[in-house]
Every structure is written in structure tokens, then in C-alpha cells.
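# Report on the structure
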Amino acid sequence: MQYAKLSNGVTIPQIGFGVWQVDEETEAPAAVAEALRVGYRHIDTAAVYKNERGVAKGIKESGVNREDLFLTSKVWNDDIRAGRTKEAFAESLERLETDYLDLYLIHWPVEGYIEAWKAMVELYEAGKIKAIGVSNFKEHHLDTLAEEGLMTPMINQVELHPQLPQHELHEYLQDHSIQVEAWSPLMQGKFLEINDFKEIAEKHGKSPSQVVLRWHLDNGIVALPKSVTPERIAENFDVFDFQLDADDLEKIDRLATDVRLGPDPDEIDF
């Protein structure tokens, strides 16, 4: 396992287990339990995923102690707009059957995010959350928090992968001691269409998905691959025994198109 250290000293496993679009009843318990059996200790969910209860069930079934886990959830846009960040947080705790979170994020920078951030800072200072951050924030959103004189987020979780490396944002985050975390690190499966990953994988005796995840690790990024298939869950975690060399990284850098697979945070309507 590799870890990143956040600005407040909290450590976060660099490979986490994402559960977006994982069904609460039919998939989440088994997938989470399997991920924890394989060795993952970082689980990333969100209120809007509607599977927090399934995640809690999987954790319970795994037998892994809560204090050995890094557990993340996120406040959804409707609750941000309604000014219910603290209430939403309490509801997530109840569904996750825990009395604290390791990380809580603002899911999108919708209207009301400044007040939501103030509420999260209060929860953090009260010891309810070990680290707080944002998701899908651009530089100008982060600048707004700074202009308000508010605490700097410890993490920004964004769409980031070899075709959308977000170099300028990544540099901004590094300059402000904000850890970057990648959702859809495997490009929603589109890495399979790119021969360069296959060639690099053959060179290292690994799989293409492992090469993509290693690229994230080698760039200091926390990555959140998602799968409900046991062999894929294991494969995505088996990335700590090799490194990419300069030629590999140069080849991957040439793949950047800066095309998003998900929404632009400045153009969302949900």
C-alpha cells in the first residue's frame, strides 16, 4: 500500500475503492467485503450513490475494524442548496453505521457551497471528521473559499486520468497543499481502446488497468477504481510492485486530449 499525507497530517491510502453505480442491495455488500479482503482500506461513497447502507453491510461482513478504514462520503447538491450540510452528514453517519468519517466532501460546487464549507469546517473542528475537502472544484471555486478567509480544503476529488491530466489544476493544488484525488481513473474503460497501455503492460508483466493506476500513483494522485468483479477488484489493487519509467510516462503524456468524460463543473444543472 502507498499513502499520501494530507495538509493536516492525516494519511490516506492512494488506492481507494469507489462504489459509484454499485447497487446497495445486490452488489455493494459483497463488493466492499471482497475489496477489504483483498487489502483495500479506503472506501469512497456518497449520499447520492444511495448505497451507504450497503457499504456499511460490506464493512461489517469483512470483519475489518472501523479504525483501520479510511471512509469517505459526500454531501449532495440538493442538501448544499438547502443549507442542510450538517443534517446530511448526520444521515450519512447513520446509514454508514459509524460515528465519524475520515473524509467528507462537497460533491459539486453548486450554489450554497460557501455556507456548506463553513458547516463542514465546524464539523471538522468538532472532531466529527478527520479531514474535509471538495469535489469537482476548479481553481476559481477554491479561490472563492480563500477570499472568504475560510480553511483550505485538504482534498479535491476531480475527474482526472491520462487523457484528462488537468496539469494546471494539479499544479495549483500542489501549490496550495491540496491533495488531488481522481474519480474515473480508468477512464470509464476507455483505456482498453489505447494500444500504448497494452504495450507498457506487456513490458512490465502487468495489465493495462494496472499501468493506468500506476500512472496515478507515480504522479502522487489518489485513485478510486471501481469494480464489482472479484478478479478486477484484486487486479486494481495489485499495483504496488512496479513503477513506470521515464519512457512510459512520456508515452502516456502524449495521450492527453483534455476531453472530459463527465460534466464540466461550470456547466452542471443537477
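For every chain, the first residue of its written sequence is number 1, and the numbers climb from 1 along that sequence. It should be noted that, the model being predicted, local features are given only for residues of pLDDT at least 70 and side-chain atom pairs only at 80 or more, the latter also being counted only at that level, while totals for whole chains, interfaces and linings use all residues. Calculated side-chain values reflect all of the structure's heavy atoms, with hydrogen atoms and water omitted.

This brings us to the packing of helix H1 (residues 28-38) against helix H2 (residues 52-62). Axis separation between H1 and H2 bottoms out at 7 Å; the angle between their running directions is 45°. As far as their axial angle goes, H2 and H1 are oblique. In terms of crossing hand, the pair formed by H1 and H2 is right-handed. Contacts between H1 and H2 pair Ala 28, Pro 29, Val 32, Ala 33 and Leu 36 from the former with Gly 54, Val 55, Lys 57, Gly 58, Ile 59, Glu 61 and Ser 62 from the latter. Residues are grouped as follows: Ala, Val, Leu, Ile, Met, Phe, Trp, Tyr, Cys and Pro are nonpolar; Asp, Glu, Lys and Arg are charged; all remaining types, including Gly, are polar. Here the contact of H1 with H2 is composed, by residue class, of seven nonpolar, three polar and two charged. Convention adopted: a line fitted to C-alpha atoms gives each axis, helices being fitted over their contacting stretch, and angles between N-to-C directions are expressed from 0 to 180 degrees. Helix and strand assignments come from DSSP, with helices taken as H or I runs of at least 4 residues and strands as E runs of at least 2, each series counted from the N terminus. Note on terminology: angles under 35 degrees are roughly parallel, angles over 145 are roughly antiparallel, angles of 65 to 115 are roughly perpendicular, and the others are oblique. Left-handed describes a crossing in which the near helix is turned anticlockwise from the far one by less than a right angle; the clockwise case is right-handed. Contact between two residues is taken to exist if any of their heavy atoms lie within 4.5 Å; hydrogens are not considered.

Remark: exposure states derive from per-residue accessible area (1.4 Å probe, protein chains only) relative to the maximum for the residue type, with buried under 20%, exposed over 50%, and partly exposed in between. The buried count for strand E5 (residues 70-75) comes to six of six residues, which makes it a mostly enclosed element. Burial of the side chains of E5 extends over both faces: Phe 70, Thr 72 and Lys 74 are buried on one face and Leu 71, Ser 73 and Val 75 on the other. Paired strands, in this sense, are two strands between which DSSP finds at least two bridges. Bridging between strand E4 (residues 42-44) and E5 involves three bridges; their strand directions are parallel. Note on E5: the bridge partner recorded for Asp 44 is Thr 72. The path from the first strand over the helix to the second decides the hand: if it runs clockwise while the strands point away from the viewer, the crossover is right-handed. Regarding the hand of the β-α-β motif, the stretch spanning E4, H2 and E5 is right-handed.

Before going further, it helps to examine the sheet that holds strand E6 (residues 103-106). Strands in a sheet are paired, the pairing made by backbone hydrogen bonds, and the direction either parallel or antiparallel. Sheet architecture is open: eight strands sit in the order E3-E4-E5-E6-E7-E8-E9-E10, paired in parallel fashion. At either margin of the open sheet sits one strand with a lone partner, and together these are strand E3 (17-18) and strand E10 (222-223). Relative to strand E8 (residues 155-159), strand E7 (residues 132-135) runs parallel, the two being bridged by two bridges. Across the sheet, Val 134 pairs through a bridge with Asn 156, a residue of E8. Helix-sheet contacts for helix H5 (residues 113-125) involve E5, E6 and E7, and the interaxial angle to E7 is about 155°.

Our focus in this paragraph is the UniProt feature "domain: NADP-dependent oxidoreductase" (unreviewed entry) in the protein chain. UniProt positions are given in the numbering used here, feature names are shortened, and annotations may be inferred rather than shown by experiment. Sites flagged by UniProt as "domain: NADP-dependent oxidoreductase" (unreviewed entry) map to residues 15-255. The span residues 15-255 is 44% helix and 13% strand, and its two end C-alpha atoms sit 22 Å from each other.

Now for the packing of aromatic side chains. Put simply, two rings from Phe, Tyr or Trp (the six-membered ring, in Trp's case) pair if the centres are within 6.5 Å, and we call them stacked under 30 degrees between planes, edge-to-face over 60, tilted for the rest. Across all of its chains, the model carries seven aromatic pairs by this definition. Aromatic side chains Phe 89 and Tyr 104 sit 5.0 Å apart centroid to centroid with 65° between the ring planes, which places their arrangement in the edge-to-face category. Taken together, the residues Phe 89 in helix H4 (residues 85-96) and Tyr 104 in strand E6 connect sequence positions 15 residues apart. Note on accessibility: Phe 89 and Tyr 104 belong to one class, buried. With centroids separated by 5.3 Å and ring planes inclined at 85°, the aromatic side chains of Trp 108 and Phe 270 adopt a geometry described as edge-to-face. Of this pair, Trp 108 sits in the loop between E6 and H5 while Phe 270 sits in the segment after helix H11 (246-253), and the two are 162 residues apart along the sequence. The buried category is assigned to Trp 108, whose relative accessible area is 6%. Clustering of aromatic rings is evident, with ring pairs tying together Phe 17, Tyr 40, Phe 237 and Phe 240. Counting as a charge over the ring demands two things of the Lys NZ or Arg CZ atom: a distance within 6 Å of the ring centre and an angle within 35 degrees of the ring normal. Directly above the aromatic system of Tyr 100 lies the positively charged group of Arg 66, at a separation of 4.0 Å from the ring centroid.

Attention now goes to the pattern of salt bridges. Each reported salt bridge corresponds to a side-chain nitrogen of Lys or Arg within 4 Å of a carboxyl oxygen of Asp or Glu. Counted by the stated rule, this structure contains 20 salt bridges. Residue Glu 115 pairs with Lys 118 through a salt bridge whose shortest N-O separation is 3.3 Å. Placement of both Glu 115 and Lys 118 in helix H5 is noted, with a separation of three residues, approximately one turn of the helix. The residue Arg 232 makes a salt bridge to Glu 235 at a minimum N-O spacing of 3.7 Å. A residue pair is termed a helical-turn pair when its members lie 3 or 4 positions apart in one helix, as Arg 232 and Glu 235 do in helix H10 (residues 230-237) at three residues. Taking relative accessible area as the criterion, Glu 235 reaches 21% and is therefore assigned partly exposed.

Before going further, it helps to examine the UniProt feature "binding site: substrate" (unreviewed entry) in the protein chain. The positions UniProt marks with the feature "binding site: substrate" (unreviewed entry) are His 107. Of note, His 107 is situated in the loop between E6 and H5. Among the residues examined, His 107 registers a relative accessible area of 7% and is labelled buried. Apart from residues lying up to four places away in sequence, His 107 is in contact with Ala 46, Val 48, Tyr 49, Lys 74, Val 75, Trp 76, Asn 77, Ile 80, Ser 135 and Asn 136.

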